[in-house]
Amino acid sequence: MDNMTDMTTVNRASVTLANWRETPFSRWSFQNVRELVPTSEISCGAERPEEALPSREFLAQEIATGLDGISTIDAFLKYAHTDAFLLMKHGKIVGEYYAPHADVNAKHLVFSISKSLTAILSGMLEEEGLIDPEKPVLAYLPEAKGSAYEDCRYRDVLDMRVSLDFEETYLDRNGPFARYRRAMLWNPVEPGFEVETLASFLMTLRKADRPHGGGHSYLSPNADLLGVVIERVTGRRYGELLSERLWKPMGARNHAYVTVDSIGTARTAGGVCLTARDLARVGELIRTGGAADGKQIIPKSWISDMLTNGDPEAWKAANSTTMPNGRYRSQWYQTGEPDGAYCAIGIHGQWLYVDPENEAVIVKLSSQSNPLDDELKQDNLAFFRTLCRLAP
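Residues numbered from 1 in each chain as written. Predicted model: local features only at pLDDT ≥ 70, side-chain atom pairs only at ≥ 80, totals over all residues. Heavy atoms only, no water.

In the nomenclature of an unreviewed UniProt entry, the chain corresponds to Beta-lactamase-related domain-containing protein from the organism Rhizobium wenxiniae.

### Notes on the sheet that holds strand β6 (residues 108–109)
Going by this rule: The pairing criterion is simple: DSSP has to find at least two bridges between the two strands. Each helix corresponds to a stretch of at least 4 residues labelled H or I by DSSP, and each strand to a stretch of at least 2 residues labelled E; elements are numbered beginning at the N terminus. In what follows, a contact means two residues having at least one pair of non-hydrogen atoms within 4.5 Å. Axes here refer to lines fitted to C-alpha atoms; in helices the fit is confined to the stretch in contact. Angles between the N-to-C directions go from 0 to 180 degrees.
Strand order in this open sheet of four strands is β1-β7-β8-β6, and the pairing throughout is antiparallel. Every interior strand has two partners, whereas the edge strands, β1 (39–42) and β6, have only one. With two bridges connecting them, strand β7 (residues 256–259) and strand β8 (residues 272–274) associate as antiparallel partners. By the bridge assignment, tyrosine 257 is partnered in β8 with cysteine 273. Sheet strands in contact with helix α9 (residues 238–250) are β1, β7 and β8, and its direction is about 15° off that of β1.

### Remarks on the UniProt feature "domain: Beta-lactamase-related" (unreviewed entry) in the chain
Rules: UniProt positions are given in the numbering used here, feature names are shortened, and annotations may be inferred rather than shown by experiment.
The UniProt feature table records "domain: Beta-lactamase-related" (unreviewed entry) at residues 82–378. Counting secondary structure, residues 82–378 comes out at 31% helix and 18% strand; the distance between its end C-alpha atoms is 15 Å.

### Details of the state of the cysteines
What we call a disulfide is simply a covalent bond connecting the sulfur atoms of a pair of cysteines. Under the convention used in this document: Our working definition of a disulfide is a cysteine sulfur pair at a distance within 2.5 Å. The cut-offs for exposure are 20% and 50% of the maximum accessible area for each residue type, with area from a 1.4 Å probe on protein chains only; residues under the lower value are buried, those over the upper are exposed, and the others partly exposed.
Going through the model one piece at a time under the given rule, you end up with zero disulfides. Unpaired in terms of disulfides, cysteine 388 finds its nearest cysteine sulfur in cysteine 343, a separation of 11 Å. Residue classification places cysteine 388 among the buried positions, given a relative accessible area of 1%.

### Quick look at the pattern of salt bridges
It is possible for side chains bearing opposite charge to pair when their charged atoms get close. Rule in force here: Only one rule defines a salt bridge in this text: a Lys or Arg side-chain nitrogen within 4 Å of an Asp or Glu carboxyl oxygen.
For the structure shown, the criterion picks out 27 salt bridges. With a closest N to O distance of 2.8 Å, glutamate 47 and lysine 107 form a salt bridge. On the criterion of sequence distance, the pair formed by glutamate 47 in the loop between β1 and α2 (56–60) and lysine 107 in the loop between β5 (92–98) and β6 is long-range, its members being 60 residues apart. A relative accessible area of 16% means that lysine 107 is categorised as buried. One salt bridge in this structure joins arginine 277 and glutamate 50, with 3.1 Å as the shortest N-O distance.

Okay, here's the thing in C-alpha cells:
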C-alpha cells in the first residue's frame, strides 16, 4: 500500500511530532508511527502477509444503532472513525473492514491496549516467580525511593490504585503530561525544557494526598513503570520478551513494534503497534484459556484472576459512566455485564472486546479526533454487544 493512499489533502512532510495525533494526520501516522518515533521490533519470526476477507454482505447488514441515519454495520464503522475492524465468532473471522487508507497488514498504534499486553507479560513472570504482586515496587526498583512508588505494592500499580499526583490530560501541551510525552519522544523538544528518559521521569512523580490501594485512578505512568520492572527483573528488552513469550508462540502473522525513548526503554503504557488480526489472536487466546498448539502460553491462574478479581468498590470510586458495573484488574476492564464481556481499551478509539458467552472477539482500531469521547465509547459498546449476538 502506498503510504500516501487516501491522504489527498495531507502531504507526508506536514506530519510532525506536533500534530501526528490530530485529524487528518492521524489517519496516516497511527499506521506509520516508526517514521516519527524510535521503535523496537516485536518479532513473529517470519512474517506471513495476510489478505482481508471480502465482507460486503457482512458490512451491509442492517442493525439497530439508535443513531439517526446509521442503520448498517458499514455506516457505523465509518461514523466511528474506524481504520480496521474484525469480528471473530467461535474462532473464525466472520466480518472484516479496512478503511481506504488502512490495510490488513498495517501495524496500527493501539495506545493503552499496550497496557493490557504488558500485564499479560507480567502475569507470565508472576507464574515463574520473578514478580510477586504483593511485594513493594521498591523491591524491584531501589531508585523509586523518594518517589510516589516508594511505598506502594506492585499490585497497586497493576490495578491503577496508586496515589499519584498527576493528571491524564491528553490535550496538555505545556504541563506535566506534556513533559511525560516529551520523555517518551512523542512530543517535540521545546526550548528551555530538559530532555528526560522515561524511567527518570517516572522517578520524579510524587504521591498525592491519599493512601495507595484506594479507588481506581487511571494514570498511564503506572503501566510504563510495569515495563521498567519487567525489563529490570529479566534483564531483557520488552520487545524481545513479548516476541519470545507471546507473539511467536501464539502464531502471530506480522511483526509488531513498540515505541522507545532516547535510551531504548519501551513505552509499555501505550506504544505498541500491531495488526488487527494479531490483536484478535490475543483476545481469542485468552478466551480459550491461554493455550495454543497444546502449550500453555498465558497462565490459566492469571486469566482467572484477571477475569474474576478487581474491586468493584474501587472502580465505583472512579465514577465511570462507561461501565458503571465494571471492575479493573491487571490493566484489563471487566464490563460487569451478564455476558461476562471484558476488554482492553486505548484512546482515539482502540478496542479489543471479548464476549465469552457468545464466543466472540472484536477488534476495532480507529483514528477518532477526540482522544476519549465518552459518548462514542458508549455507542461502541452497544455496537459490540449487538454484533456479538448476531448469528455467525
